[in-house]
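Residue strings, one per chain:
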Amino acid sequence: MRYIFVTGGVVSSLGKGIAAASIGALLQSRGFKIRIRKLEPYLNVDPGTMSPYQHGEVFVTEDGAETDLDLGHYERFTGVDTSKHDILSSGRVYFDVLTKERKGDYLGATVQIIPHVTDAIKEFLAKDTQDLDFLIVEIGGTVGDIEGLPYLEAIRQMGHELRHNVLFVHLTLVPFIPSAGELKTKPTQHSVKTLQSLGIQPNILLCRCDRIIPDDSKKKLAQFCNVPNNCVVEALDVESIYEVPLVFNEEGLTDRILEHFHLESAPGSLEKWKEIVSKVKSPKSFVKIGLVGKYVGLQDAYKSVKEALLHGGFAHDTKVEIDWIDAQDMEEKGYQQRLASLDGVLVAGGFGKRGTQGMINTLGYTRIHNIPTLGICYGMQMAVIEFARNVLNIADAKSSEWGEKGTDIIGLLTEWVKDGDVQQRSKDSDLGGTMRVGSYECHLKDDTRVKKAYGSTIIHERHRHRYEVNIDYKAQFEEKGFVFAGLSPDGKLPEIIELKDHPWFIGVQFHPELKSRPFAPAPLFKDFIRAALEHKKP
Ligand code: GLN
């Protein structure tokens with residue numbers, strides 16, 4: 001087993017996640033088996049309780065872990081499903097160490113960061129790695145952060161213990177300073193010095209830059225940072241993230257990695273990446289999709305949704321342009337105008353009442369005006385409420401999430417189902433870890449759009465929600481052409497709805513975006529973009 005540790009320096013947001021994912025994809029292209037893990041410095045036990053504005057999207061794994069959006073990049077780039085064993089936060093490590101301490105498992109020892117916390121980190125990394133050639137590990141944050149120190153110490157120890165089976169990649173910024181008319185190497189030098197002071201000598205520098213780094217600057221970086229000249233790898237800004245593996249490979253990153261480990265491989269092919277990039281750069285058609293959500297101020301809050309829309313476009317050589325629409329703006333007078341110009345509308349997930357009336361207005365408009373519509377999670381729940389209010393005339397239809405008086409068309413299972421098994425899945429206690437999260441089976445109804453889109457009767461999709469559509473209203477809805485097109489295997493949970501008399505109006509309780517990959521677009525997104533293209537036709 002070989003380890004590749006990816007650290008970051010100078011500033012955050014340089015794309016460490018994409019870098020780690022690209023390294024994974026490149027090694028795969030040479031026939032190696034890889035896995036990517038992330039070490040998160042924050043003290044939350046998991047990001048499930050963090051605001052989307054702070055942390056961006058919560059990426060949900062098959063096995064129901066609420067994780068960081070970088071795991072989404074790993075899955076999209078490598079096609080390898082991540083799991084709860086692929087992410088560790090400082091909060092989790094301390095929680096586990098302290099739980100052991102309380103149980104007396106340390107047999108009276110003084111519990112310390114070194115060795116107890118660092119050992120726990122090393123154990124985490126070594127778990128379930130038997131059949132891998134490489135484990136790539138991204139260390140969150142920036143070198144020098146206090147929170148990240150135990151991680152850096154743990155990987156330093158691993159470098160010491162495993163020697164040539166460990167490679168350190170350091171991603172930094174080489175900024176262009178307009179007044180000097182030059183790219184500056186100093187921030188990288190400082191960042192590497194910090195890393196060296198912690199006992200880590202990077203083997204490869206990945207230098208983010210907005211223009212080509214001149215040879216003399218590269219030499220300077222190599223010399224002052226103590227790496228071979230050819231290990232200063234330029235990471236030039238690119239138009240699309242899907243170009244990154246190609247650029248890295250061209251710059252010799254794959255070869256440098258293999259040389260370090262004294263490995264040889266066949267040249268491998270990056271043809272599929274080239275194909276994707278050509279789809280990005282020269283599309284045959286365009287569609288404009290409105291993405292209506294509560295957190296559009298931070299686009300990272302919809303990372304997987306955005307990527308899945310692009311993937312859906314790839315399937316039809318189409319560029320998807322996204323109009324980011326704040327759900328609350330759809331509560332203002334004249335909101336209809338913005339919707340009328342769109343080829344499709346996606347109403348995204350969310351929590352809490354703010355913005356829900358805007359979602360309901362949006363869904364009412366797209367329903368009546370035959371605009372292709374995809375409602376995801378909260379988006380589906382709001383489609384149900386809109387229909388209940390405006391077609392079934394249940395004027396006070398609402399979700400029990402809002403804690404108001406009215407008819408709960410959406411609510412906690414425990415509010416109407418007296419079945420121990422189901423109750424277990426939806427506890428209404430504290431906020432951490434009480435949701436239906438992870439992959440669940442869903443059975444699709446015959447003669448529905450979704451069944452055609454998926455091409456099968458049984459599907460598995462990932463969930464993350466606390467509330468459910470109340471199945472007791474099924475007959476009332478279906479009478480008016482609002483079809484419950486997908487149900488949980490026990491038939492108790494409505495998972496998909498679609499409108500019979502509409503060109504394409506689908507709501508899903510799960511998050512289909514989480515399983516979408518550039519090379520295998522999620523079926524619903526693929527079909528949604530097809531419908532949007534059709535709608536666009538004059
Ligand atoms: N707030 C809703 C629920 O908890 C929807 C969640 C979501 O959109 N992810 O059920």
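Residues numbered from 1 in each chain as written. Predicted model: local features only at pLDDT ≥ 70, side-chain atom pairs only at ≥ 80, totals over all residues. Heavy atoms only, no water.

1. Here we look at the pattern of salt bridges
Argument step 1. Going through the model one piece at a time under the given rule, you end up with 41 salt bridges.
Argument step 2. The structure contains a network of salt bridges with shared partners spanning Glu62, Glu75, Asp81, Arg462, Lys515 and Arg517. (Salt bridge = Lys/Arg side-chain N within 4 Å of Asp/Glu carboxyl O.)

2. Some thoughts on the site of the ligand
Argument step 1. The ligand sits among Gly349, Gly350, Phe351, Cys377, Tyr378, Gln381, Glu401, Arg464, His465, Arg466, Tyr467 and His511.
Argument step 2. One nitrogen or oxygen atom from the main chain of Gly350 is found 2.9 Å from a nitrogen atom belonging to the ligand.
Argument step 3. A distance of 2.7 Å is found between a nitrogen atom of the ligand and a side-chain nitrogen or oxygen belonging to Glu401.
Argument step 4. In isolation the ligand offers 300 Å² of accessible surface; the protein chains occlude 99% of this area.
Argument step 5. Taken together, the residues that form the shell around the ligand break down as four nonpolar, five polar and three charged. (Near = heavy atom within 4 Å. Polar contact = N/O pair within 3.5 Å; in protein donor to acceptor, adjacent residues only side chain to side chain. Areas by Shrake-Rupley, 256 points an atom, 1.4 Å probe, with all protein chains shown as cover. Nonpolar A, V, L, I, M, F, W, Y, C, P; charged D, E, K, R; others polar.)

3. A short note on unusual backbone geometry
Argument step 1. Here the bond from Ile114 into Pro115 is cis, since omega is 10 degrees, no more than 30 degrees from zero.
Argument step 2. With a phi angle near 55 degrees, Cys377 is a residue other than glycine that sits in the positive phi range.
Argument step 3. Mapped onto the secondary structure, Cys377 falls in the loop between strand E15 (373-376) and helix H15 (378-390).
Argument step 4. Here Asn393, not a glycine, exhibits a phi torsion of approximately 60 degrees, which is positive. (Helix = DSSP H or I, 4+ residues; strand = E, 2+ residues; numbered from the N terminus.)

4. Remarks on the nonpolar core
Argument step 1. Membership of the largest hydrophobic core comes to 58 residues, with the highest contact counts inside it found for Ile4, Ile23, Leu27, Phe134, Ile136 and Ile257.
Argument step 2. For this core, the element with the most residues is helix H1 (residues 16-29), which contributes eight residues.
Argument step 3. When residues no more than four places from it in sequence are discounted, the contact partners of Ile4 are Ile23, Leu27, Phe134, Leu135, Ile136, Val137, Leu167, Val169, Ile257 and Phe261.
Argument step 4. Among the nonpolar cores identified, the runner-up in size contains 40 residues, and Val345, Leu363, Tyr365 and Tyr378 belong to it. (Core = buried A, V, L, I, M, F, W, Y, C linked by side-chain atoms within 4.5 Å. Buried < 20%, exposed > 50% of the residue type's maximum accessible area, 1.4 Å probe, protein only. Contact = heavy atoms within 4.5 Å.)

5. Structural notes on the packing of H1 against helix H3 (residues 70-78)
Argument step 1. Running from amino to carboxyl end, H1 crosses H3 at an angle of 25 degrees, the nearest separation of the two axes being 9 Å. As summarised for this structure, H1 and H3 are arranged roughly parallel, according to the angle between their axes. The two elements H1 and H3 meet at a crossing, and its hand is right-handed. Two secondary-structure elements touch here, H1 through Gly17, Ile18, Ala20, Ala21, Ser22, Gly24, Ala25 and Gln28 and H3 through Asp70, His73, Tyr74, Phe77 and Thr78. (Axes fitted to C-alpha atoms, helices over the stretch in contact; angles between N-to-C directions. Parallel < 35°, antiparallel > 145°, perpendicular 65-115°, else oblique. Left-handed = near helix turned anticlockwise from the far one by under 90°.)

6. Thoughts on the sheet that holds strand E16 (residues 397-399)
Argument step 1. The three strands are arranged E16-E17-E20 in an open sheet whose pairing can be described as mixed. Two strands bound the open sheet, and with one partner strand each, they are E16 and strand E20 (468-469).
Argument step 2. Bridging between E16 and strand E17 (residues 407-411) involves three bridges; their strand directions are parallel. Following the sheet pairing, Lys398 is matched in E17 by Asp408. (Pairing = 2+ DSSP bridges.)

7. Quick look at the environment of His73
Argument step 1. Summarising the element assignment, His73 is placed in helix H3.
Argument step 2. Considering only alpha carbons, one finds His73 and Glu275, 202 residues apart in sequence, at a separation of 18 Å.

8. Some words on the sheet that holds strand E12 (residues 285-293)
Argument step 1. The sheet built from nine strands is open, its strands ordered E13-E12-E14-E15-E23-E22-E21-E18-E19 with mixed pairing. A single partner strand is all that each edge strand has here, and the edge strands are strand E13 (318-326) and strand E19 (458-465). Shown here is a sheet whose adjacent strand axes are inclined to one another by a mean of 25 degrees, direction ignored.

9. Thoughts on the pairing of strand E1 (residues 2-8)
Argument step 1. Extensive coverage of E1 is indicated by the burial of seven of its seven residues.
Argument step 2. Where burial is concerned, the two faces of E1 agree: the one with Arg2, Ile4, Val6 and Gly8 and the one with Tyr3, Phe5 and Thr7 are both buried.
Argument step 3. As paired elements, E1 and strand E6 (residues 134-139) share five bridges and run parallel to each other. From the neighbouring strand, Phe5 faces E6, where its bridge partner is Val137.
Argument step 4. Relative to strand E7 (residues 166-173), E1 is paired through six bridges, and the arrangement is parallel. Of the residues in E7, the one forming a bridge with Tyr3 is Val166.

10. Concerning the packing of aromatic side chains
Argument step 1. Summed over all chains, the structure comprises 18 aromatic pairs.
Argument step 2. Aromatic pair Phe5 and Phe168: ring centres 5.7 Å apart, planes at 25 degrees, arrangement stacked. Of this pair, Phe5 sits in strand E1 while Phe168 is found in strand E7, placing the two residues 163 residues apart along the sequence.
Argument step 3. Overall, Phe5 belongs to the buried group, its relative accessible area being 0%. (Phe/Tyr/Trp six-rings, centres within 6.5 Å; stacked < 30°, edge-to-face > 60°.)

11. Here we look at the confidence of the model for the protein
Argument step 1. When pLDDT is averaged along the protein, the result is 93, and 96% of the positions lie at 70 or above.
Argument step 2. Per-residue pLDDT stays below 50 along residues 419-433; that stretch engages in 25 contacts with residues further than four places along the chain or on separate chains. (pLDDT = per-residue confidence, 0-100.)

12. Quick word on the packing of helix H5 (residues 113-126) against helix H6 (residues 149-162)
Argument step 1. Packing of H5 against H6 leaves a shortest axis separation of 9 Å and a crossing angle of 70 degrees. In terms of orientation, H5 and H6 fall into the roughly perpendicular class. As for the relative orientation of H5 and H6, their crossing is right-handed in sense. Contact residues: H5 offers Ile113, Ile114, Val117, Thr118, Ile121, Lys122 and Leu125, while H6 offers Pro150, Tyr151, Glu153, Ala154, Gln157, Met158 and Glu161.
Argument step 2. Among the residues making up the contact of H5 with H6, the classes are represented as nine nonpolar, two polar and three charged.

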